[in-house]
Amino acid sequence: MSETSERVTYANVEGADEVFTTEFLEYFVAAHDKFVGRVHDLRAKRAEVLRRALEDGVLPAHLPVSEINTAEWSVPPVPEDLRRPGIEITGPASVTNMFINALNPGPEGERAVGDLDDDEDAAGHRLVDTVTAARNRLGAVDRTLEYVDEVRGRHYTIQDGELPFFMHRERGLHLDEPEMTIDGMPVSAAILGTALTVFHCGRAQMARGQGLYFYLPKMESAEEAGFWRDFFDFSKEYLGIGDEGVIRGIPLVESLPAAYQMEEMLHALGPYAAGLNAARWDFKASIFEYIMADPAQVWPDRFGVDIKTTPFLSTIFRRLVAICLKHGAVPIGGMATALPSRDDEVNAAAAVSITADKEWEANQGFLRGWVAHIFHMKTAADPFKKLRATGWEPPAEAHDPDNFPIRIEVPEGPITVEGTRRNVRMVIEYIEGWLNGRGAKGIDSLAGKPGVHGPLMEDLATGRMSAAQIAQRIIHAAADTETGAVHDFALVKQIFLDEVDDILRLLKEEVEEGNETHQRLYDAAEVRYGKAGRIGMRWVKNYTEFDFRSMGSYSRADLEAIAAAEDAF
């Protein structure tokens, strides 16, 4: 056994030995030794920025003005495929049938221009998910990936034709992978996932003349962008990847500190910079966390806080576009989360909403956005494609970041118990999916209520945002704008209990009388929803104590222990 092998342990999950080859482990251990200390230093700096906001009331701010902001410079020429207008389809890379579907044409026969294969917000955050994602990505590049669903009698394969370009998204710098250790310590999930992708499918892509593209999630500073520059430099040198091997990174602007350093992050990525992404839901969640201690910053129901109609949010993302235009980078917009419904009226309403959203983004200068399902792919892509096909270019004023100053305000709108109830339902439904091994789930927070509404593909970002808003209302005893009902632990606990009961009531109605299979499925779901309610209360309670730990940082054993304990309220 080699010295490297003696240092590494990992859970015996399916496919692990296939991807954790001797050659990979040698590269990974070398990367770990070089970078893990730096990862922990960056985490400590993040914690200090958050502490200053919560304890001292000092929010993040711009770095001092420098040549980065005043001199003329451009990112390296962005590869042609990343300059294509349209839509990127997104979903978990570890759920094989979903991944294959995302690579294939939608109902109108068109593919997305790009595929965001996600091992972050839409994934289950287990070692098996990361290993499966690595295998699936390589299989997709080789076009050998297939999946047989024996229960439903379906066979999934990649159809002929040009595939979307791949945008790989790994877990962020804030997370460890407890099921894999080096010298007895959990490894950095970000280093592990990125190393797997570079080593396996990345090299296969580059051998085919394709670029290797990453979305870089949960970034908070230009210093972190510099970390990724050094990581890619190291990987190219260690693996013998020459200059013909193209690697590009696009930071997701999904934290409040990152918004103030967008220009510096692009610059710090150097030869790997390609663009910026406006990550809406996580960005709102981050704002909640940084203002959580301030009673003057309590937000209204988040469902009414739309980027198009909330001026300060619109301005921040117009600034993102301006920075990209100024430096030759590509600006990528947000997510259309609607899922298809059996109700044509729901689908029609979703199409109207998606069109309006993507037309707004296109007219701000965004080149693409994201979509959660192939059913709505063409609807989401057309606004970008049609506008750019006219020869339209963003106006001159859209190129100047100074036209779009950052400010943080309280949006207009009511605070309602019903809005809290929808957040609670989302948290419960999401955690139930998490316990069932999924990091993304179709959720209708208005299920069973009158009106035209359908499921949305929700992921960890929405769960984080929902838990944060519930906690903020408890901390500051926020009163319902109309009824005066005050949020406290007792009120929110009752909402959790009521929503679990309501979800199970609706689920019970779907169980076919006398069908033993359906009854067993219901019984298992009943257990999961009971656990999800207790875990959800713990998640919210943590937030009220300014512990913003990600759901992805909890092992399944941690969650089982929380579910078995008395409720946190």
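Preceding this paragraph is the structure being described.
Residues numbered from 1 in each chain as written. Predicted model: local features only at pLDDT ≥ 70, side-chain atom pairs only at ≥ 80, totals over all residues. Heavy atoms only, no water.

Now for the environment of Glu-72. Looking at where Glu-72 falls in the secondary structure, it is placed in the loop between α4 (67–70) and β2 (86–92). Distance in space between the C-alpha atoms of Glu-72 and Lys-326 is 8.6 Å, their sequence separation being 254 residues. (Helix = DSSP H or I, 4+ residues; strand = E, 2+ residues; numbered from the N terminus.)

Bringing unusual backbone geometry into the picture now. If you check the backbone angles, His-125 has positive phi at about 60 degrees while not being a glycine. Positionally, His-125 belongs in the loop between β3 (114–118) and α6 (127–142). Residue classification places His-125 among the buried residues on the basis of a relative accessible area of 7%. The phi dihedral of Ala-477 falls on the positive side, at around 45 degrees, and the residue is not glycine. Inspection of the secondary structure assignment puts Ala-477 in the loop between α16 (460–475) and α17 (489–510). (Buried < 20%, exposed > 50% of the residue type's maximum accessible area, 1.4 Å probe, protein only.)

This paragraph deals with the pairing of strand β4 (residues 146–149). Where β4 meets strand β5 (residues 154–157), four bridges bridge the pair, whose relative direction is antiparallel. Bridge assignment links Asp-149 to a residue of β5, and that residue is Arg-154. Counting the residues that bridge the hairpin from β4 to β5 gives four residues, and of these Gly-153 lies at a positive phi of roughly 65 degrees. (Pairing = 2+ DSSP bridges.)

Moving on to the packing of helix α10 (residues 262–269) against helix α12 (residues 311–327). The interhelical angle for the contact between α10 and α12, taken along N-to-C directions, is 35 degrees, at an axis separation of 10 Å. The interaxial crossing formed by α10 with α12 has right-handed handedness. In contact with Met-262, Glu-263 and Leu-266 of α10, α12 contributes Ile-316, Arg-319, Leu-320, Ile-323, Lys-326 and His-327. (Axes fitted to C-alpha atoms, helices over the stretch in contact; angles between N-to-C directions. Left-handed = near helix turned anticlockwise from the far one by under 90°. Contact = heavy atoms within 4.5 Å.)

Scanning all chains against the criterion turns up 52 salt bridges. Among the ionic pairs, Asp-176 bridges to Arg-43, the shortest N-O distance being 2.9 Å. Of this pair, Asp-176 sits in strand β7 (residues 176–182) while Arg-43 sits in helix α3 (residues 22–56), placing them 133 residues apart in sequence. For Asp-176, a relative accessible area of 27% corresponds to the partly exposed category. Lys-45 is paired through a salt bridge with Glu-223; the nearest N and O atoms lie 2.7 Å apart. (Salt bridge = Lys/Arg side-chain N within 4 Å of Asp/Glu carboxyl O.)

Moving on to the sheet that holds strand β12 (residues 330–336). With respect to topology, eight strands assemble into a closed barrel ordered β2-β3-β6-β9-β10-β11-β12-β13, the strand pairing being parallel. Across the sheet, the mean angle from the axis of one strand to that of its neighbour is 30 degrees, orientation sign disregarded. The sheet contact formed by β2 and β3 spans five bridges and is parallel. Counted as the bridge partner of Glu-88 is Gly-114 from β3. Lying on the sheet, helix α13 (residues 344–364) is in contact with β12 and β13 (368–371); it crosses β12 at an angle near 165 degrees.

Note on sheets: strands pair through backbone hydrogen bonds, and any given pair is parallel or antiparallel. Spatial strand order, β1-β7-β8: three strands in an open sheet with antiparallel pairing. Two strands lie at the open edges of the sheet, namely β1 (8–10) and β8 (185–188), each paired on one side alone. Taking each pair of neighbouring strands and ignoring which way they run, the sheet shows an average axis angle of 55 degrees. Note: β7 against β8, four bridges, orientation antiparallel. Residue pairing across strands places Asp-176 opposite Ser-188, the latter belonging to β8. Packed onto the sheet, helix α7 (residues 189–207) meets β7 and β8 and runs at close to 55 degrees relative to β8.

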